[in-house]
Amino acid sequence: MIGRLRGRKVWIALTTVCIVVVAGVSITVWQTRRVPLPPIPHPDPSSFTDREVQQDVANAARKVELEPRSAAAWGEYGIVLRAYRQHPEADLCFQTAADLDPNDGRWPYLLGHHLVETDPESAVVWLQRAAGGTVPADARDTVQARLAEALLAAGRPADALIALGSDPKSPRTRLAAARAAMATGDDRAAAEFLDDLTDNPLAARKALLLQAEICRRQGRTSYADYLGERAATIPEGSWPDPLADPIRSRDRSPGGRLDEAARLLRAGRPVQAEQLLRPLTTDPASTDPRPFVGLGEVRAAMGDRKGALTALTEAIRVDPNNLAANYQTGLLHFEIGEQLWAAGRADTARNEFRQAVVWLDKALTVSPDFGKALLLKGAALHRFLGRPEEGLALLRRFVQLRPEAVEGHLLLGQILAESGQYTAATASLRRAAELAPNGDHRAVDALAKLAPPGKR
């Protein structure tokens, strides 16, 4: 009797579990089925001239046709459409994917991420859904920061602080928290959030500008100006985005590959950049010099100067007036000259410096105020080709055109010091030291070596 009772209890328990599981599956299926599906978007084929791009879009659309209730298929189609800048169609795909799978935070994020600049209020709704959903661990901070940035863009700084939590940790979330605190009038809290962000290469520029704004509010205008000048010398950083960044690599058009190769080069991955660029340089009838210029830059980064010059020669064949190709050729000859000079081969080095000046002159013919060419030509003439006054005049012109650039003041100060003009050199090097970002001690070191203490 006891055994039969126990057996009956087991069967009841198993039956209950099965009912719950089946009910849960049924509810999920019912919820999925009740999501109305929009027509699958098909961009006008004339939007894409490249055959490979047309095939890429068609393949992604076909997957949706085969699995119309697959959130992943809709989401992947949205990624492909976003990569080719078909934004309304991509937005529709992401919205459908988000509705089909409400637990996946990727699709509402990619929709909200795109809307922040044009419709921040709508972006907030989608980014809140993303923050409440499941995303890869390395993307959690990005989703939180993007939501806070959307709230700030929508004029809701108090809500942004709530979204960031009481103790934001990463540079990006701390920067957003500082902006939100300033918008609510709490400059003290903002300054604490900004504490050491000027040491972070991606946050430094924005952090300095925010610190400058706080100083102006406090009436410390001179120090605010100094911070603003420092910020001007730092390039704008771009936060990595584990969810949105991979979309760029899906763009198989020539322009997309060029952009991706440039990103890979900036990320220190020239080998991968070369693999993207090489197929774009095989057409002998090509009229676009950019792939050849890019190939020259990545080969130079790999230490292959001969290969770089070959690629740049092709770029100039395609377009003799291409500014980047002429400048990069001059830069390579300058670097080869420096290497030969350091090895004691002065005569051969001078030939390279003369070649550098020839190509830099061609670049300056295209753009007379092109600062990098002025700087390089000035250094070649003054230091290596025995034409110091001409070189000095070019360096001074560069400083006039780009007074915020550290390199101009630094090089001018070094050259003035070499010619014994210590007072002028000191002024230039001090200015370079003021503009130098944290960690750049070249100007300070040059000042220390400028002259014996009694002669400064």
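Computed from a predicted structure; not experimentally measured.

1. A closer look at the side chain of His382
Secondary-structure assignment places His382 in helix α20 (residues 371–384). His382 gets classed as buried once you look at its relative accessible area, which sits at 14%. Those residues in contact with His382 that lie beyond four places of it in its chain are Arg387, Pro388, Gly391, Leu392 and Ile415.

2. Points about the nonpolar core
Generally speaking, nonpolar side chains in soluble globular proteins are found buried as a group. Judged by nonpolar contacts, the single largest core of 63 residues is most densely connected at Tyr77, Trp107, Leu110 and Leu194. The contacts of Leu194, once residues within four sequence positions are left out, are Arg174, Leu175, Ala178, Ala207, Leu210, Gln211 and Ile214. In terms of nonpolar packing, the next biggest core, distinct from the first, is built from 47 residues, Leu309, Ala356, Leu374 and Leu375 among them.

3. Some thoughts on the confidence of the model for the protein chain
Summarising the model, the protein chain shows a mean pLDDT of 88, and 91% of its residues fall at 70 or more. Between residues 1–32, whose pLDDT stays under 50, and residues either more than four places distant or in other chains, the model counts two contacts.

4. Details of the packing of helix α16 (residues 290–301) against helix α17 (residues 305–318)
Where α16 contacts α17, the axes come no closer than 8 Å and their chain directions differ by 165°. By the angle class used here, α16 and α17 are roughly antiparallel. Remark: the crossing between α16 and α17 carries left-handed chirality. Touching Phe292, Val293, Leu295, Gly296, Arg299 and Ala300 of α16 are Gly307, Ala308, Ala311, Leu312, Glu314, Ala315 and Val318, all from α17.

5. Re the side chain of Arg82
Looking at where Arg82 falls in the secondary structure, it is placed in helix α3 (residues 71–83). A polar contact of 3.4 Å, which involves the side chain of Arg82, links it to the backbone oxygen of Leu110. Setting aside chain neighbours within four positions, we find Arg82 in contact with His87, Ala90, Asp91, Phe94, Leu110, Leu111, His114 and Ile247.

6. Overview of the pattern of salt bridges
As enumerated under the stated definition, the model contains 35 salt bridges in all. Asp91 is paired through a salt bridge with Arg82; the nearest N and O atoms lie 2.7 Å apart. Each member of the pair Asp91 and Arg82 is classed as buried. In this structure, the salt-bridge partner of Arg248 is Asp245, at a minimum N-O distance of 3.5 Å. A relative accessible area of 40% places Arg248 in the partly exposed class. Each of Glu117, Arg146, Glu149 and Arg172 takes part in a single network of salt bridges with overlapping partners.

7. A few points about the packing of aromatic side chains
Aromatic ring pairs are described here by two measures, namely the spacing of the ring centres and the angle between the planes. This model, assessed by the stated rule, comprises nine aromatic pairs. When the ring of Phe334 is compared with that of Phe353, the centres are 5.3 Å apart and the planes differ by 70°; the resulting orientation is edge-to-face. Of the two residues, Phe334 is situated in helix α18 (residues 323–342) and Phe353 in helix α19 (residues 346–366); the sequence distance between them amounts to 19 residues. Centroid distance Trp341 to Phe353: 6.4 Å. Interplanar angle 65°. Geometry classified as edge-to-face. Residue Trp341 is located in helix α18, and its partner Phe353 is located in helix α19; the two are separated by 12 residues in the primary sequence. When its relative accessible area of 31% is taken as the criterion, Trp341 is described as partly exposed. Pairwise contacts between aromatic rings join Phe334, Trp341, Phe353 and Phe384 into one cluster.

8. A closer look at helix α5 (residues 106–115)
In terms of residue burial, α5 counts as a mostly covered element, since seven of its 10 residues are buried. For α5, the full list of buried residues reads Trp107, Pro108, Tyr109, Leu110, Leu111, Gly112 and Leu115. Packed against the buried residues of α5 are α3, α4 (87–100), α6 (120–132), α7 (140–153) and α13 (246–249).

9. A few points about the environment of Thr221
Mapped onto the elements of the fold, Thr221 is located in helix α12 (residues 221–232). Of the residues examined, Thr221 reaches a relative accessible area of 44% and is grouped as partly exposed. As for Thr221 and Asp104, which are separated by 117 residues in sequence, their C-alpha atoms are 48 Å apart.

10. Description of the packing of α18 against α20
At a closest axis distance of 11 Å, the pairing of α18 and α20 adopts a crossing angle of 30°. The orientation of α18 with respect to α20, classified from their angle, is roughly parallel. Handedness of the crossing formed by α18 with α20: left-handed. Between α18, through Tyr327, Leu331, Phe334 and Trp341, and α20, the contact on the second element is made entirely by Lys372, Ala373, Leu376, Ala379, Ala380 and Phe384.

11. Regarding the environment of Ile40
Summarising the element assignment, Ile40 is placed in the loop between α1 (2–33) and α2 (51–66). On the accessibility criterion, Ile40 (22% relative accessible area) is partly exposed. When the C-alpha atoms of Ile40 and Asp196 are compared, they prove to be 49 Å apart, with 156 residues separating the residues in sequence. Ile40 has contacts with Val64, Glu65, Trp74 and Tyr77, leaving out every residue within four places of it along the chain.

Cut-offs used in this document
- Residues numbered from 1 in each chain as written.
- Predicted model: local features only at pLDDT ≥ 70, side-chain atom pairs only at ≥ 80, totals over all residues.
- Heavy atoms only, no water.
- Helix = DSSP H or I, 4+ residues; strand = E, 2+ residues; numbered from the N terminus.
- Buried < 20%, exposed > 50% of the residue type's maximum accessible area, 1.4 Å probe, protein only.
- Contact = heavy atoms within 4.5 Å.
- Core = buried A, V, L, I, M, F, W, Y, C linked by side-chain atoms within 4.5 Å.
- pLDDT = per-residue confidence, 0-100.
- Axes fitted to C-alpha atoms, helices over the stretch in contact; angles between N-to-C directions.
- Parallel < 35°, antiparallel > 145°, perpendicular 65-115°, else oblique.
- Left-handed = near helix turned anticlockwise from the far one by under 90°.
- Polar contact = N/O pair within 3.5 Å; in protein donor to acceptor, adjacent residues only side chain to side chain.
- Salt bridge = Lys/Arg side-chain N within 4 Å of Asp/Glu carboxyl O.
- Phe/Tyr/Trp six-rings, centres within 6.5 Å; stacked < 30°, edge-to-face > 60°.

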